[in-house]
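These are the residues of each chain, in order.
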Amino acid sequence: MSTLDHHQWLTDVLLDIGHAGKGTQVPSWVDGDTPLAQHTLLYLAKGAGTLTMNGQPIALERDSLHIYAPGIMLAAQLSPDFENELYYLSFDWFRLTEQTDAGRSYKRELSFPLQGKQLISGSLVKRYFYLLSAGGESDRSPLLAQQHLSDLLYILLQHAEPAEVEELPDRLRLTLDYMQCHYREEIRVDKLAGMARLHPSYYSQIFKKSMDKTPVSYLTHLRMNKAKEMLLTTDKSVNDIAADVGYEDEFYFSRRFKETSGYSPSIYTKKQDLNIISLSSPYTDHLFTLGLHPCAAQVHRFMPLVTKELILPKHAAEPWETSRQSFSDMKPDLIVCKDNVLAKAKAHINDIAPIIPISWASKDIYAHHNELAELVDRRQLARRWLDGHEHSSERLRRKVKARIGEATVAICVVRKNDLRMYGTRNIGHVFYRSLQLSMPARIVQAQAPYQIGTGFNWMSIKPDEILDFESDYLFVVCETEQDHQRVQRYIETNPYWAKHPAVRSQKLCFLDWSKWIVYAPHGIDQQLEEAGRLLGN
């Protein structure tokens, strides 16, 4: 980027700092189990360790700087053999999208021009990390901290360079990442080849072999898919969208759009027969409930949907095994997924169709359903399912209440070496929201600070803590047969389990993991009927 580019990138931008600190341990929110919620910077001033990014190990060395975007699954471990000094920073940035006399509108940006391990002099950045971490988060002046962050980002954009990559696939990936971040700009093949340290003709050759299209065609498809995303999710004019994706001439943009898609931008927004691929089984369930049949999808076995089943990772750290050609052959108009697999999806198929993520953890099942219905223009069908589910819930609530009165229900999920007590989300939805049954006091307390269905999902406990969740009924969900046997041993040998009211009164019931782990409309309708049978008879 030129100096002018740096200024343009930081112009009309709002910065919001999440965490900033220094320590000898990795911050708790870099845990490898939860996708990053914000842009994250890690700078190791002293010591050594290992990062795991989307399942790939990366050396964490002294004076190394790492930058990662929201949605990345990131874990880190520092070596106990060294004196470690780790600086960490998370932030959001918002781009000005509209300015009127009434006010300004900003859009949260999920990409950042730099990603991964960066080469930069430690003296240039350490001072700003120190200033941002000094005094603790509560003592920082917000305006001063934002200025420090702005200065730090300017230095990074001006001086940081991606760390050396030696393998040919890594060199190619470096240029793909660059194109995905800079698709609005004019990008020449010789510049990409220089980044990959290859001759331009050889670079174009290996690019075509790997991606089945030329670098120019890849960039064009990136731009068109971003345009399709904006056509579906914003009210922007075609002229504004053209400018946003790098075209000054609206008519030239429309012509390129039609060449790559087979139809004009105006027809795309009116299409009722969108060829959809779903990368996340819960959203496949939602689409099926809305009367749509994705041409390919990740599915769960309780959904009566006939489609091409995709073997895809459920989490970002798992490997991606489905080929690009499989997606390209289906000619999708739209790809939907959870936000926690967006980064991996973009890395593999961002040029094939627009990929629209639906936030998973921050929204409940009803918000998921309404957002997908809005996206595919099926609002009436969404309302029909919501009304039908509430009608069934009310019918079964009366039946269950007549049978068990005000009895309390606890839900324990057993996975490997972990015991989890659930709240109102996922497995707890049917019991606590649909049937409105009472929770143990500890769950009520843990749930209280959060909006129902979001924020709090479950809490991990030790086996001896089960008595802290006294209830009249205890439902246990085991991932494997070994987990089931472990619970049986607790019941037989652990006095705390033996004393639990539900165990003593023989009101402990095991539920099928594969059926109850589903958190989607068709799935919870089935769960609701089963819960009604278990508690209402």
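Up top you'll find the structure we're talking about.
Quick look at the structure, then.

Each value, and the rule that gives it
- Residues numbered from 1 in each chain as written.
- Predicted model: local features only at pLDDT ≥ 70, side-chain atom pairs only at ≥ 80, totals over all residues.
- Heavy atoms only, no water.
- Pairing = 2+ DSSP bridges.
- Helix = DSSP H or I, 4+ residues; strand = E, 2+ residues; numbered from the N terminus.
- Axes fitted to C-alpha atoms, helices over the stretch in contact; angles between N-to-C directions.
- Salt bridge = Lys/Arg side-chain N within 4 Å of Asp/Glu carboxyl O.
- Buried < 20%, exposed > 50% of the residue type's maximum accessible area, 1.4 Å probe, protein only.
- Core = buried A, V, L, I, M, F, W, Y, C linked by side-chain atoms within 4.5 Å.
- Contact = heavy atoms within 4.5 Å.
- Parallel < 35°, antiparallel > 145°, perpendicular 65-115°, else oblique.
- Disulfide = S-S within 2.5 Å.
- Phe/Tyr/Trp six-rings, centres within 6.5 Å; stacked < 30°, edge-to-face > 60°.
- Lys NZ or Arg CZ within 6 Å of the ring centre and 35° of its normal.
- Left-handed = near helix turned anticlockwise from the far one by under 90°.
- Nonpolar A, V, L, I, M, F, W, Y, C, P; charged D, E, K, R; others polar.

**A closer look at the sheet that holds strand β6 (residues 74-78)**
The pairing of strands in a sheet comes from backbone hydrogen bonds and takes either a parallel or an antiparallel form.
Reasoning step 1: A sheet is described by the order of its strands in space; here three strands give the open sequence β4-β3-β6, paired in antiparallel fashion. Looking at the sheet topology across the chains shown, the edges are occupied by β4 (56-60) and β6. Adjacent strand axes in the sheet meet at a mean angle of 20 degrees when their direction is disregarded.
Reasoning step 2: Here five bridges tie strand β3 (residues 49-53) to β4, and the two strands are oriented antiparallel to one another.

**Brief notes about the pattern of salt bridges**
Reasoning step 1: Taken as a whole and judged by the stated rule, the model has 26 salt bridges.
Reasoning step 2: A salt bridge links E229 to K226; its shortest N-O distance comes to 3.6 Å. Placement of both E229 and K226 in helix α7 (residues 215-233) is noted, with a separation of three residues, approximately one turn of the helix. The residues E229 and K226 share a single accessibility class, namely buried.

**Observations regarding the nonpolar core**
Here is a general trend for soluble globular proteins: nonpolar side chains tend to be buried in one another's company.
Reasoning step 1: Counting residues in hydrophobic clusters, the biggest one holds 94 residues, and the most contacted among them are F253, L334, M421 and F431.
Reasoning step 2: The element contributing the most residues to this core is α7, with eight residues.
Reasoning step 3: Setting aside anything within four residues of it in sequence, one finds M421 in contact with A410, I411, C412, I443, F456, N457, W458, M459, I461, I466 and F469.
Reasoning step 4: By size, the runner-up hydrophobic cluster in this structure holds 29 residues, among which are I17, F129, A145 and L149.

**Section: the sheet that holds strand β19 (residues 473-478)**
Reasoning step 1: Taken in spatial order, the five strands make up an open sheet running β18-β17-β16-β19-β20, and their pairing is mixed. In the strand order of this sheet, the two ends are held by β18 (458-461) and β20 (508-512), each with one partner. Sheet twist, expressed as the average angle between the axes of neighbouring strands with direction ignored, equals 30 degrees.
Reasoning step 2: Alignment of strand β16 (residues 409-415) against strand β17 (residues 418-422), held across four bridges, turns out to be antiparallel. The residue of β17 that forms the bridge with V414 is L419.
Reasoning step 3: In the packing of helix α18 (residues 481-493) onto the sheet, contacts are made with β16, β17, β19 and β20, and the angle to β16 comes to roughly 125 degrees.

**Remarks on the packing of helix α11 (residues 281-289) against helix α22 (residues 521-536)**
Reasoning step 1: As a packed pair, α11 and α22 sit with axes 7 Å apart at the nearest point and diverge in direction by 85 degrees. When the axis of α11 is compared with that of α22, the two are roughly perpendicular. Packed against α11, whose contacting residues are D285, H286, F288 and T289, the element α22 presents P521, H522 and G523 at the interface.

**Quick notes on the environment of D12**
Reasoning step 1: Tracing the backbone through its elements, the reader meets D12 in the loop between α1 (3-10) and β1 (13-23).
Reasoning step 2: When the C-alpha atoms of D12 and L86 are compared, they prove to be 31 Å apart, with 74 residues separating the residues in sequence.

**Regarding the state of the cysteines**
Reasoning step 1: Overall, the coordinates contain zero disulfides when judged by the stated rule.
Reasoning step 2: Its sulfur unpaired, C295 is 15 Å from the next cysteine sulfur, which belongs to C337.
Reasoning step 3: Looking at the unpaired C478, the closest cysteine sulfur is the one in C412, lying at 7.8 Å.
Reasoning step 4: Accessibility expressed as a relative area gives 9% for C478, which makes it buried.

**Focus on the environment of S79**
Reasoning step 1: If you trace the backbone, S79 turns up in the loop between β6 and β7 (85-100).
Reasoning step 2: Spatially, the C-alpha atoms of S79 and G47 are 7.2 Å apart, while their sequence positions differ by 32 residues.
Reasoning step 3: Those residues in contact with S79 that lie beyond four places of it in its chain are A48, G49 and N84.

**Description of the packing of aromatic side chains**
Reasoning step 1: In the structure shown here, the tally under the stated rule is 18 aromatic pairs.
Reasoning step 2: Seen in terms of ring centroids, F207 and Y218 are 5.5 Å apart; in terms of plane orientation they differ by 80 degrees. Their pairing is edge-to-face. In this pair, F207 is assigned in helix α6 (residues 200-211) and Y218 in helix α7, connecting sequence segments 11 residues apart.
Reasoning step 3: Overall, F207 belongs to the buried group, its relative accessible area being 0%.
Reasoning step 4: Put simply, the rings of Y247, Y252, F253, F257, Y263 and Y268 touch in pairs and so form one group of aromatic residues.
Reasoning step 5: For R223, the ring lying beneath its charged end belongs to Y247, and the centroid distance is 5.2 Å.

**Quick notes on the packing of helix α4 (residues 168-181) against helix α5 (residues 189-196)**
Reasoning step 1: Viewed as axis vectors pointing N to C, α4 and α5 meet at an angle of 135 degrees, and their least axial separation amounts to 8 Å. What the angle tells us is that α4 and α5 run oblique. Where α4 crosses over α5, the handedness of that crossing is right-handed. The segment α4 lies against α5, with R171, L174, T175, Y178 and M179 engaging K191, L192, M195 and A196.
Reasoning step 2: A breakdown of the residues in the contact of α4 with α5 according to their chemical character gives six nonpolar, one polar and two charged.

**As for unusual backbone geometry**
If a residue is not glycine, its phi is most likely negative; likewise, a peptide bond is most likely trans.
Reasoning step 1: Phi at N426 is positive, roughly 55 degrees, even though this residue is not glycine.
Reasoning step 2: One can find N426 in the loop between β17 and α16 (429-434).
Reasoning step 3: Within the chain, Q436 stands out as a residue other than glycine whose phi angle is a positive 55 degrees.
Reasoning step 4: Mapped onto the fold, Q436 is located in the loop between α16 and α17 (441-447).

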